[in-house]
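Read off the chains here:
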Number of protein chains: 2
Amino acid sequence: MARPRTFDEEQALDAAMRTFWRKGYEATSTEDLCAATGLGRSSIYNTFKSKRALFQRVLDRYMTTMNAGQLAVLEDPGLSGADRIRALFARVLDGDAENRPTGRSLGCLGVNTTIELAGRDAVAAGMLERDTAHRLDALRAVVEAGRRDGSITSSRDAGDLARFLNATIAGLRVSAQGGADRATLDAIVAIALDALTA
Amino acid sequence: MARPRTFDEEQALDAAMRTFWRKGYEATSTEDLCAATGLGRSSIYNTFKSKRALFQRVLDRYMTTMNAGQLAVLEDPGLSGADRIRALFARVLDGDAENRPTGRSLGCLGVNTTIELAGRDAVAAGMLERDTAHRLDALRAVVEAGRRDGSITSSRDAGDLARFLNATIAGLRVSAQGGADRATLDAIVAIALDALTA
DNA sequence: CTATTTTTGAACTGATCTATCCAAAATTCC
DNA sequence: GGAATTTTGGATAGATCAGTTCAAAAATAG
């Protein structure tokens, strides 16, 4: 029928993701996106419609891939509830450590977007809210499992504990972007876990 | 000798602060700053040199004024260590609640800047790091005081507890910007405080 | 009132922004 | 190979960006 694309769409999304992640939405120009993906303007606009639409694809892809890995950890049947949460934190911090191209953490694209865009982009805000709700569900289930298996003894509401853990992850992300090293982040995690048995 | 300024520099800084706070650094144009301050371009560039320099003045002013209030709370001699930390969280959340012009929290300009700029603006990063170090010092002192007065029984390192509390504040800020209401934030605080007595 | 100095508004500069247009190249189907 | 269709690169458009220029207005000091 016609000429096929010579590039891989998901590969282009990954390149765009890295750029948005590193520079933020506003500071990323369409030329940055061309350079990062290796594509011309036409290809980008043909495929993704606009910078904003491309960003939405990127954000969706980011949340989907991140959640896949994190939810898998949270559902590991071989671990107690508390250990699953420990494993989640470890995964978050490992991922953070791997993602420091310039020595400084890039943080989490979800957190970064919450702060840069959620207040004035209802679509992005909605995507992020759905993602948070999803993660809170998974965290609450693990807290309840930990309560059953005895690894979590706090009498606080499971939903509140889930929100506390979610906030702790965000706090770790901000601390990392502010320059904290791995040992510092590990110490924060250890203290946060204390709250589950208080 | 000559014509004096008709505007108040600090008032202009406050107007600029609100704008940067609400929209972020990149998304704020110099025209936005003119509109917010009521000044012309000449007056702004005459007084503040550049958008970036103005932002640095704004960030410095923000950190100074915020720290003044927060450190005062942390040094209240009438309260136990744990109660001073409770009072700090209350102050943070009260301030957050007062600062929701569109219903959604604006977060903290320091956190927002850490995420939007610290990775690619060494001056901003340095200002933020100094501010964080200052706050961590105050938090550690309060943790040590709480340990002496018996209100904090955790055996964790005081510096680590300070970093945990600082990360918790950041996590609260991100949660607020993500749409959490006051009751949710209060519940997170209560759980974080559990870690101090675990 | 005059000389001096600064502020101020408006026009302007050159760069960069997102996005579109269009013709040439590429590829498939027949 | 030829017709049909899509991709692609480069040029371009129009808006907006941060920042400058300049002359007129304003205000003080003497």
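These numbers were taken from a predicted model, which means no experiment stands behind them.

Asker: Talk me through the overall build of chain A; I want residue IDs and the actual numbers.
Answerer: Helices and strands together make up the secondary structure of chain A, namely 9 helices and 0 strands. Along chain A, helices (α) and strands (β) appear in the sequence α-α-α-α-α-α-α-α-α when read from the amino end. When the backbone C-alpha atoms are referred to their principal axes, chain A occupies close to 60 × 40 × 30 Å. Residue burial in chain A is summarised as follows: out of 198 residues, 54% are buried. Accessible surface for chain A amounts to roughly 9000 Å². Of this, 48% is attributable to carbon and sulfur atoms. Separation of charge centres in chain A, based on 26 positive and 26 negative side chains, amounts to 4 Å.

Asker: Break down the relation of the copies chain A and chain B for me, citing the residues and quoting the values.
Answerer: Applying a rotation about an axis and a shift along it to one chain copy brings it onto the other copy. Superposing chain A onto chain B requires a rotation of 180 degrees together with a translation of 0.0 Å along the rotation axis, leaving an RMSD of 0.1 Å. Both copies of the chain, as the preceding transformation shows, are related through a two-fold rotation axis. Same-surface contact between copies: 100% of interface residues of chain A are shared with the interface of chain B.

Asker: Explain helix α7 (residues 122-149) of chain B residue by residue, including any values.
Answerer: Residues and elements named next belong to chain B. Its 28 residues give α7 an end-to-end C-alpha distance of 40 Å, which sits within 8% of 40 Å, the value for a rise of 1.5 Å per residue. A side-chain oxygen of the first residue of α7 lies 3.0 Å from the backbone nitrogen of Val123; this N-cap is Asp121. Positive phi appears at Gly150, one or two residues downstream of α7, with a value of about 90 degrees.

Asker: Provide a residue-level description of unusual backbone geometry, including the pertinent values.
Answerer: One non-glycine residue, Lys49 of chain A, lies in positive phi territory at about 75 degrees. Structurally, the position occupied by Lys49 of chain A is in the loop between α3 (41-48) and α4 (51-74).

Asker: Residues and numbers for the pattern of salt bridges, please.
Answerer: In this structure the tally under the stated criterion is 34 salt bridges over all chains. A salt bridge links Arg61 of chain B to Asp14 of chain B; its shortest N-O distance comes to 2.9 Å. Of the two residues, Arg61 of chain B sits in helix α4 (residues 51-74) while Asp14 of chain B sits in helix α1 (residues 9-23), which places them 47 residues apart along the sequence. Counted as one network, the salt bridges with shared partners bring together Arg5, Glu9 and Arg57 of chain A.

Asker: Lay out empty space enclosed by the protein in plain terms, naming residues and giving numbers.
Answerer: Residue and element names in this part refer to chain B. The full count for this structure, using the stated rule, is 1 cavity of 30 Å³ or more. Estimated volume of the largest cavity: approximately 40 Å³. For the largest cavity, the full set of lining residues is Thr30, Leu33, Ile44, Tyr45, Ser50 and Lys51. Elements that contribute at least two residues to the lining of the largest cavity include exactly α2 (30-37) and α3 (41-48). Split by residue class, the lining of the largest cavity holds 3 nonpolar, 2 polar and 1 charged.

Asker: Please give an account of the interface of chain A and chain B that cites residues and values.
Answerer: Taken together, the contact pairs 35 residues of chain A with 35 residues of chain B. Together, the buried faces of chain A and chain B total about 3100 Å²; carbon and sulfur atoms form 70% of this surface. One can count 4 salt bridges joining chain A with chain B. Of the charged contacts, one joins Arg156 of chain B and Asp194 of chain A as a salt bridge, the two residues approaching to 2.8 Å between their closest N and O atoms. Secondary structure elements with two or more residues in the side of chain A that touches chain B: α6 (109-116), α7 (122-149), α8 (158-177) and α9 (182-194) of chain A. With 10 residues, α8 of chain A is the single largest residue contributor to the side of chain A that touches chain B.

Asker: So, the packing of aromatic side chains: which residues are in play, and what are the values?
Answerer: For any pair of aromatic rings, the description rests on two quantities: the centre-to-centre distance and the angle between the ring planes. Residue and element names in this part refer to chain A. Per the stated rule, a full pass over the model turns up 8 aromatic pairs over all chains. On the numbers, 4.9 Å between centres and 85 degrees between planes, the contact of Phe20 with Phe55 is edge-to-face. A residue pair is termed long-range when its members are at least 10 positions apart, and Phe20 in helix α1 (residues 9-23) and Phe55 in helix α4 qualify at 35 residues. Phe55 carries the same exposure label as Phe20, and that label is buried. Relative to Phe55, the ring of Tyr25 lies with its centre 5.0 Å away and its plane at 70 degrees, an arrangement referred to as edge-to-face. In this pair, Tyr25 is assigned in the loop between α1 and α2 (30-37) and Phe55 in helix α4, connecting sequence segments 30 residues apart. Take Tyr25: its relative accessible area is 12%, and that puts it in the buried class. Taking the relative accessible area as the measure of exposure, Phe55 reaches 4% and is therefore buried. One aromatic cluster is present, built from ring pairs that chain together Phe20, Tyr25 and Phe55. Directly above the ring of Tyr25 sits Lys51, whose terminal nitrogen or CZ lies 4.5 Å from the centroid.

Asker: Outline the packing of α7 of chain B against helix α8 (residues 158-177) of chain B, supporting the account with residue identities and numerical values.
Answerer: All names here are of chain B. Put simply, α7 and α8 touch, their axes get as near as 8 Å, and they point 120 degrees apart. With respect to α8, the axis of α7 lies oblique. As for how α7 packs across α8, the hand of that crossing is right-handed. Where α7 approaches α8, its residues Thr132, Arg135, Leu136, Leu139, Arg140, Val143, Glu144 and Arg147 are matched on the opposing element by Ala158, Gly159, Leu161, Ala162, Arg163, Leu165 and Asn166. Taken together, the residues of the contact of α7 with α8 break down into 7 nonpolar, 3 polar and 5 charged.

Asker: Run through the state of the cysteines, naming residues and quoting values.
Answerer: Taken as a whole and judged by the stated rule, the model has 0 disulfides over all chains. You can see Cys108 of chain B has no disulfide; the closest cysteine sulfur is in Cys108 of chain A, sitting 18 Å from it.

The rules we used
Residues numbered from 1 in each chain as written. Chains lettered and ligands numbered in written order. Predicted model: local features only at pLDDT ≥ 70, side-chain atom pairs only at ≥ 80, totals over all residues. Heavy atoms only, no water. Helix = DSSP H or I, 4+ residues; strand = E, 2+ residues; numbered from the N terminus. Buried < 20%, exposed > 50% of the residue type's maximum accessible area, 1.4 Å probe, protein only. Areas by Shrake-Rupley, 256 points an atom, 1.4 Å probe, with all protein chains shown as cover. Lys, Arg positive; Asp, Glu negative; His and termini not counted. Charge placed at Lys NZ, Arg CZ, Asp CG, Glu CD. Least-squares fit on C-alpha atoms with pLDDT ≥ 70 in both. Contact = heavy atoms within 4.5 Å. Expected span 1.5 Å × (residues − 1). Polar contact = N/O pair within 3.5 Å; in protein donor to acceptor, adjacent residues only side chain to side chain. Salt bridge = Lys/Arg side-chain N within 4 Å of Asp/Glu carboxyl O. 1 Å grid on protein atoms, 1.4 Å probe; cavity = no way out; pocket = protein on both sides within 12 Å on 5 of 7 lines; lining within 4 Å. Points joined across faces, edges and corners; volume = space filled by probe spheres on them. Nonpolar A, V, L, I, M, F, W, Y, C, P; charged D, E, K, R; others polar. Buried area = accessible area lost by both parts, 1.4 Å probe. Phe/Tyr/Trp six-rings, centres within 6.5 Å; stacked < 30°, edge-to-face > 60°. Lys NZ or Arg CZ within 6 Å of the ring centre and 35° of its normal. Axes fitted to C-alpha atoms, helices over the stretch in contact; angles between N-to-C directions. Parallel < 35°, antiparallel > 145°, perpendicular 65-115°, else oblique. Left-handed = near helix turned anticlockwise from the far one by under 90°. Disulfide = S-S within 2.5 Å.

So far we have only geometry, and geometry alone does not tell us how the molecule works.
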